[in-house]
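# Structure assessment
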Amino acid sequence: MAEGRIIKAISGFYYVKSDGEVHQCRGRGIFRKKNITPLVGDFVVFDKNNPDEGYVLEVKPRKNELIRPPVANIDQAIIVSSATMPDFNPLLLDRFLVLIESKGIKPIVFVTKKDIISESQRQLIDGYVREYQQIGYEVELLSSKENLDELRKLETYFSNNVSVIAGQSGVGKSSFLNAINPLLQLKTDDISKSLGRGKHTTRHVELVEVADGLVADTPGFSTLDFNEIEANELDECFPEINEQKPYCKFRGCMHNKEPKCAVKQAVEKGEISNKRYEHYISFLNEINSRKPRY
Ligand SMILES: Nc1nc2c(ncn2[C@@H]2O[C@H](COP(=O)(O)OP(=O)(O)OP(=O)(O)O)[C@@H](O)[C@H]2O)c(=O)[nH]1
Ligand SMILES: [Zn+2]
């Protein structure tokens, strides 16, 4: 009996990494009966008596899991946004931040393509970077076309962590991963756009090594709706709003129409950005207008 972590799953086989070695395993029949699907990222107990094929015997409790990519026990999500092409989009960034916060995963923001922005665009982007850093987020402005030494400075973000990458199409997710680990050779727009079909549809998710960490090679969060977030949980997904919440007069304040709301006061004083607050309200309305589920 040994313990390890599933780093790859392909058609019924699980590849379990344990003490630096990878063991090919099958799942126990009982998993299917009990409706347990081992996921990439799972910590498992397996039997490795047979060198060719072991069995995953037990899946340890997960701290979190994603449906897309199907990965468990994620430490952090790197949201990739581009400074340009496509334009930097704070509304979309906040949407990703909320989704990731709601899963209890730590978000990190990488803003790509700094090599192709004008001086005035740069000022705008620097302003955003500062704003998100003030909230407490780690933000890096970078270019994947940079030399490897520059990119290596970002390796510390990956050390000893399991990361997923998220972000809109074309922002440079694959380009970044390839740049930081040239062995990956993930397809980028430059190569595969001509094929005109989804790039990630036929691939299996795998945790690949980047620096001293593991990264899911398939980007996540394809659906960006808030179907799994309740209105009263939304403020917890905005750290700066969550911080003010205890000072609101009413318990259960939604920071919307309520009087004596500390969040609205902080917005008025300029301590919380107007834009972030507007996004909070627009997400709140979106959740409140969702059709009830039964
Ligand atoms: N100048 C510059 N171009 C970049 C940078 N990062 C990515 N690109 C270009 O942007 C385009 C899109 O990059 P991809 O890496 O395919 O983007 P992606 O986010 O993986 O896209 P999807 O696979 O569609 O989700 C490609 O033409 C890249 O060469 C960067 O930092 N600087
Ligand atoms: Zn309030």
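Residues numbered from 1 in each chain as written. Chains lettered and ligands numbered in written order. Predicted model: local features only at pLDDT ≥ 70, side-chain atom pairs only at ≥ 80, totals over all residues.

### Topic: the overall build of the protein chain
On a plain count of helices and strands, the protein chain comes out with 9 helices and 13 strands. Rg of the C-alpha trace for the protein chain: 21 Å, near the compact-globule value of 19 Å for 294 residues, within the 12% margin. Judged by the C-alpha coordinates and their principal axes, the protein chain covers about 65 × 50 × 35 Å. In the protein chain, of all internal contacts separated by at least 6 residues, the share reaching a separation of at least 24 is 64%. (Helix = DSSP H or I, 4+ residues; strand = E, 2+ residues; numbered from the N terminus. Rg over C-alpha atoms; globule rule 2.2 N^0.38 Å. Contact = placed C-beta atoms within 7 Å.)

### Remarks on the pairing of strand S5 (residues 54-59)
Here strand S3 (residues 21-27) pairs with S5 via 3 bridges, running parallel. Across the sheet, the residue bridging to Cys-25 is Gly-54, located in S5. Sheet analysis places strand S4 (residues 43-47) next to S5, joined by 4 bridges and oriented antiparallel. When the bridges of S5 are listed, Phe-46 appears paired with Val-56. Hairpin connection of S4 to S5: 6 residues between the antiparallel strands. (Pairing = 2+ DSSP bridges.)

### Things to note about the sheet that holds strand S12 (residues 207-210)
Consider a sheet: its strands pair through backbone hydrogen bonds, and that pairing is either parallel or antiparallel. As summarised here, the arrangement of the 6 strands in space is S10-S9-S8-S11-S13-S12, forming an open sheet in which the pairing is mixed. The outermost strands of the open sheet, each flanked by one partner alone, are strand S10 (138-141) and S12. Neighbouring strand axes in the sheet, compared pairwise and without regard to direction, differ in orientation by 30° on average. Where strand S8 (residues 76-82) lies against strand S11 (residues 162-166), 4 bridges are found, and the strand directions are parallel. (Axes fitted to C-alpha atoms, helices over the stretch in contact; angles between N-to-C directions.)

### Brief notes about helix H5 (residues 173-180)
By the criterion of burial, H5 is predominantly enclosed, with 7 of the 8 residues buried. All of the buried residues along H5 are Lys-173, Ser-174, Ser-175, Phe-176, Leu-177, Ala-179 and Ile-180. Those residues of H5 that are buried are in contact with S8, strand S9 (106-112), helix H4 (148-152), S11, S12 and strand S13 (213-216). (Buried ≥ 20, exposed ≤ 12 C-beta atoms within 10 Å, placed from the backbone.)

### Examining the pairing of strand S1 (residues 2-10)
Relative to S4, S1 runs antiparallel, the two sharing 4 bridges. Pairing of Ala-2 across the sheet is with Phe-46, part of S4. Taken together, S1 and the strand that follows it, strand S2 (residues 13-18), pair antiparallel across an intervening segment of 2 residues, in which Ser-11 is found at a positive phi of about 30°.

### Here's the deal with the nonpolar core
Membership of the largest hydrophobic core comes to 71 residues, with the highest contact counts inside it found for Val-71 and Ile-79. Sort the elements by how many residues they give to this core and helix H2 (residues 90-102) lands first, with 6 residues. (Core = buried A, V, L, I, M, F, W, Y, C linked by C-beta atoms within 7 Å.)

### Notes on the domain arrangement of the protein chain
By domain assignment, the protein chain separates into domain 1 (2-61), domain 2 (71-216) and domain 3 (231-288). Residue-level contacts link 9 residues of domain 1 with 10 residues of domain 2. At 4 residues, the largest contribution of residues to the side of domain 1 that touches domain 2 is made by S1. Residue composition of the side of domain 1 that touches domain 2, grouped by class: 6 nonpolar, 1 polar and 2 charged. (Domains from an automatic or database assignment. Nonpolar A, V, L, I, M, F, W, Y, C, P; charged D, E, K, R; others polar.)

### What about the packing of H2 against helix H9 (residues 274-288)?
Look at H2 against H9: their axes get within 10 Å of each other, and the N-to-C directions meet at 65°. Between H2 and H9 the crossing geometry is right-handed. Residues Pro-90, Leu-91, Asp-94 and Val-98 of H2 form the contact with H9, whose own contacting residues are Lys-275, Arg-276, His-279 and Phe-283. (Left-handed = near helix turned anticlockwise from the far one by under 90°.)

### Regarding the sheet that holds S4
In spatial order, the strands read S1-S2-S3-S5-S4; together these 5 strands close into a barrel with mixed pairing. Going from strand to strand, the sheet's axes swing by 55° on average, the running direction of each strand aside. Here S1 runs beside S2; their pairing, made up of 5 bridges, is antiparallel. Within the sheet, the bridge partner assigned to Ile-10 lies in S2 and is Phe-13.

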